[in-house]
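Secondary and tertiary structure notes
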Amino acid sequence: MKILAINPPVEDFTAYNLWAMPLGLFRVMEHHQKAGDTVEYLDLLDGEYCGYAGAQPPQYRSWGRHSYWKKEIPKPDELRFVPRKYNRFGATDERVLELVSSLERPDLIFISTGMTYWYRPVLKLIEILKKVFPAVPVKAGGISATLLPDLFIMDGVEVIKGKYDINKDVTGTDSSFINALKFFPVNLVEGCPNRCAYCSSSVFNPQIRIMDIKKQAQSLEKWHSVTGCNDAAFYDDALFLDSGRYLKEFLSFLEPGKYRFHTPNGVHLKELDEELCRVLREHDFPQLRFGFETAFTRYDSKTDIDQLKEKVEMLKRAGFTSEQTGVYLLCGLPGQTVEEVDKTIEIVAEIGARPYLSEFSPVPGTALYELHRTESLLDFHSEPLYQNNTVSAWRSPVFNSAAMSGLKLKLAGMYSKMPRVS
Ligand code: SF4
């Protein structure tokens, strides 16, 4: 069979590549390659060929981070009230049509999907594919397709809910396509034992599964020998599971200092112990990011304020600086107050870590989605564009624009007094 796998463009206020790539789609691609199929990959978000006249080209920062091809576009009518620019990231529809039309007719097309509020360019892509390749079956998988399947189910499009039935030894990192990446994606533990009320991790992975750790280390070494790059990002939801047992095993196959490791998903404080801190320090983790959310109104059981203090001290004893100890906070949760978030920012800074503020976005199928529906000023259930975290200040009856500006100003003031992070 001839397979075409596509990563679609995005439309949003902002988007930036902090070690993002469609790992699920890569698993499907690797599976078909191993089965003897021909696989063509079209990255309409991040491919170099997405470029066109009048667009802003990607800018590369250290460690494999970069922006996408970008062009300002009119805001959808539903978002006109937001005083921010709206952009197309990746190829425009015209460029998509051009690129798709230049390909041979495939037998089957796979599309990955990202955030729920990115659904519109995906629908447009499907429309183009149906025009160029009528009667070719299209399968859509990934976040939006799993959480909001009805948006995508249409004539000739099948939604792969949850997981595609692939061999257990498929990692998504063992194909030639991985060599085009400037960083290597690692996933040691699938799933998460916590059940935070705002997270859909268990929808995608109801069970914890440990991947083939040695094989992932070998794939990383292989990728490095071809590309010469040395940045790797973990895609795990519970990377530190069992006090980092699986991470330690993975690192034991690798020479300390050879690779730079990044944890964009956030790691769990409660699993840290002296031994894990030592191993992390021995290897190169330029900045750890811990998921903490908030000091008082908790919708999870993964940590608490005392544990935060204890673990940050442990990291300091191991030699991590404040800039290397990032703590993700979440604001706009139902029941949370502005004062509480303000206080949490202060606590995190006082104990010597660097606070990062994320705005809550409701995820379909989670408990907080339903709770937020009862208070939200925007009907995000009927219109997924309103699930965007950028419009949280217009949804929340408490965290309005003035409150958010105050919190962001406070953080900016703090950052200006802290050493810069790369
Ligand atoms: S700990 Fe993180 S990944 Fe696990 S359920 Fe909570 S938010 Fe999701």
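Because the structure is predicted, anything quoted here is derived from the model rather than measured. (Residues numbered from 1 in each chain as written. Predicted model: local features only at pLDDT ≥ 70, side-chain atom pairs only at ≥ 80, totals over all residues.)

With that settled, the discussion passes to helix H1 (residues 23-34). If you check H1, its first and last C-alpha atoms are 16 Å apart, about what 12 residues at 1.5 Å a residue would give, namely 16 Å. With respect to burial, H1 is a largely interior element, nine of its 12 residues being buried. The elements touched by buried residues of H1 are strand S1 (2-7), strand S3 (38-43), strand S6 (108-113) and strand S7 (138-142). Taken from the residues just after H1, glycine 36 is the one with a positive phi, measuring 95°. (Helix = DSSP H or I, 4+ residues; strand = E, 2+ residues; numbered from the N terminus. Expected span 1.5 Å × (residues − 1). Buried ≥ 20, exposed ≤ 12 C-beta atoms within 10 Å, placed from the backbone. Contact = placed C-beta atoms within 7 Å.)

A few words now on helix H10 (residues 338-350). Under the 1.5 Å per step criterion, the end-to-end length of H10 is 18 Å for 13 residues, consistent within 8% with the ideal 18 Å. Considering only its buried residues, H10 is in contact with strand S15 (325-331), strand S16 (354-359) and helix H13 (401-417).

Under the domain assignment, the chain is made up of domain 1 (2-159) and domain 2 (182-417). The gap between the C-alpha centroids of domain 1 and domain 2 is 25 Å. In this complex, domain 1 contributes 21 residues to the contact, which on the side of domain 2 involves 24 residues. Residues that form the side of domain 1 that touches domain 2 fall into these classes: 14 nonpolar, four polar and three charged. (Domains from an automatic or database assignment. Nonpolar A, V, L, I, M, F, W, Y, C, P; charged D, E, K, R; others polar.)

This part covers the site of the ligand. Within the structure, the ligand sits among 10 residues, and Cys192, Asn194, Cys196, Cys199 and Asp237 are positioned closest to it. Here the residues of the shell around the ligand sort into three nonpolar, three polar and four charged. (Near = placed C-beta within 6 Å.)

Across the sheet, three strands lie side by side as S2-S5-S4; this open sheet has antiparallel pairing. A single partner strand is all that each edge strand has here, and the edge strands are strand S2 (10-12) and strand S4 (70-73). When strand polarity is set aside, the average angle formed by the axes of neighbouring strands in this sheet is 25°. (Pairing = 2+ DSSP bridges. Axes fitted to C-alpha atoms, helices over the stretch in contact; angles between N-to-C directions.)

On to the nonpolar core. Grouped together as the largest cluster of nonpolar side chains are 102 residues, with contacts concentrated most on Ala5 and Ile6. The element that contributes the greatest number of residues to this core is helix H3 (residues 119-132), accounting for five residues. Here this core gathers at least three residues from each of two domains, domain 1 (2-159) and domain 2 (182-417). Beyond its immediate chain neighbours, meaning those up to four positions away, alanine 5 contacts Leu25, Val28, Met29, Val39, Tyr41 and Phe110. (Core = buried A, V, L, I, M, F, W, Y, C linked by C-beta atoms within 7 Å.)

It is worth spelling out the packing of H10 against H13 at this point. Helix-helix packing is described using two parameters, namely the angle between the two axes and the distance between the axes. One way to put it is that H10 packs onto H13 with a least axis distance of 10 Å and a crossing angle of 10°. It follows from the interaxial angle that H10 and H13 lie roughly parallel. Where H10 approaches H13, its residues Val338, Val341, Asp342, Ile345 and Ala349 are matched on the opposing element by Ala403, Leu407, Lys410, Leu411 and Met414. The residue inventory of the contact of H10 with H13, partitioned by class, reads eight nonpolar, no polar and two charged. (Parallel < 35°, antiparallel > 145°, perpendicular 65-115°, else oblique.)

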